[in-house]
Amino acid sequence: MQAGNVKIEELNEDNWYDCCELELSENQVGYMEANAVSIAQSKFEPSLKPFAIYLEERVVGFLMFNTLQEELDGYWIFRIMVDKSFQGQGIGKAATQLMISEMSKLPNADKIVVAYHPDNKAAHHLYASLGFIDNGDRFGKEMAVIKHINELS
């Protein structure tokens, strides 16, 4: 899928290693697993779908979501990251919108849920700007926010 010059493509033999080489900014490192860990997790949990985020033809980010409904009766976003060199350009927002579009095709996709650490201001801003609502759900040290998808989207 593509929006402007940002596109997402399912992980494959041509882009998985590029995703492993991407780096978080220093203030984000404590909030997220390494992409290599997420990629390995997707090989043991086949319901997880990993994608590379491209800016034109260059891999600049990584995302992953679950294709099975979980807690809060929603489909969960497991990872979304953009390399530190490409942050602040709207790439994460565009990629998340593409991911939401993909997730909305899943059976009974009424809710998309994502959890993040409350101190992760970048994640908070991103999800709030996309219409995710905080209903007070907490999972350990993370807060879970929900986006309701109407069937017409």
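Everything below is about the structure printed above this text.
A quick note: this is a predicted structure, and the numbers were derived from the prediction, not measured. (Residues numbered from 1 in each chain as written. Predicted model: local features only at pLDDT ≥ 70, side-chain atom pairs only at ≥ 80, totals over all residues. Heavy atoms only, no water.)

The next subject is the nonpolar core. Where a protein is soluble and globular, its nonpolar side chains tend to be buried together. Ranked by internal contacts, the top residues of the largest apolar core, which has 33 residues, are I53, L63, Y127 and F132. Among the elements that make up this core, the one with the highest residue count is helix α3 (residues 91-103) (7 residues). If near-sequence neighbours (up to four positions away) are discounted, F132 is found in contact with I77, I100, I112, V114, Y127, V145, I146 and K147. Among the nonpolar cores identified, the runner-up in size contains 12 residues, and I39, A52, M64 and M81 belong to it. (Core = buried A, V, L, I, M, F, W, Y, C linked by side-chain atoms within 4.5 Å. Buried < 20%, exposed > 50% of the residue type's maximum accessible area, 1.4 Å probe, protein only. Helix = DSSP H or I, 4+ residues; strand = E, 2+ residues; numbered from the N terminus. Contact = heavy atoms within 4.5 Å.)

Moving on, we get to helix α4 (residues 121-129). For α4, the complete set of buried residues consists of A123, L126 and Y127. Down the axis of α4, the smallest arc covering the buried residues is 90°, so these residues share one side. Turned more than 90 degrees off the buried face of α4, the exposed positions are K121 and H125. The inward-facing, buried residues of α4 contact β5 (75-82), α3, β6 (111-116) and β8 (142-148). Phi turns positive, to about 90°, at G131, one or two residues after α4. (Arc of directions from axis to C-beta.)

What follows is about the state of the cysteines. Summed over all chains, the structure comprises 0 disulfides. Free of any disulfide, C19 has its nearest neighbouring cysteine sulfur in C20, separated by 7.1 Å. Take C20: its relative accessible area is 26%, and that puts it in the partly exposed class. (Disulfide = S-S within 2.5 Å.)

This next bit is on the packing of aromatic side chains. Under the defined criterion, the tally for this structure stands at 5 aromatic pairs. Look at F51 and F65: their rings are 5.6 Å apart centre to centre, the planes differ by 15°, and that puts the pair in the stacked class. Linking F51 in strand β3 (residues 48-55) with F65 in strand β4 (residues 58-66), this pair joins segments that are 14 residues apart in sequence. Residue F51 shares its accessibility class with F65, and that shared class is buried. Seen in terms of ring centroids, Y127 and F132 are 5.2 Å apart; in terms of plane orientation they differ by 70°. Their pairing is edge-to-face. On the basis of relative accessible area, F132 is assigned to the buried category, the value being 6%. (Phe/Tyr/Trp six-rings, centres within 6.5 Å; stacked < 30°, edge-to-face > 60°.)

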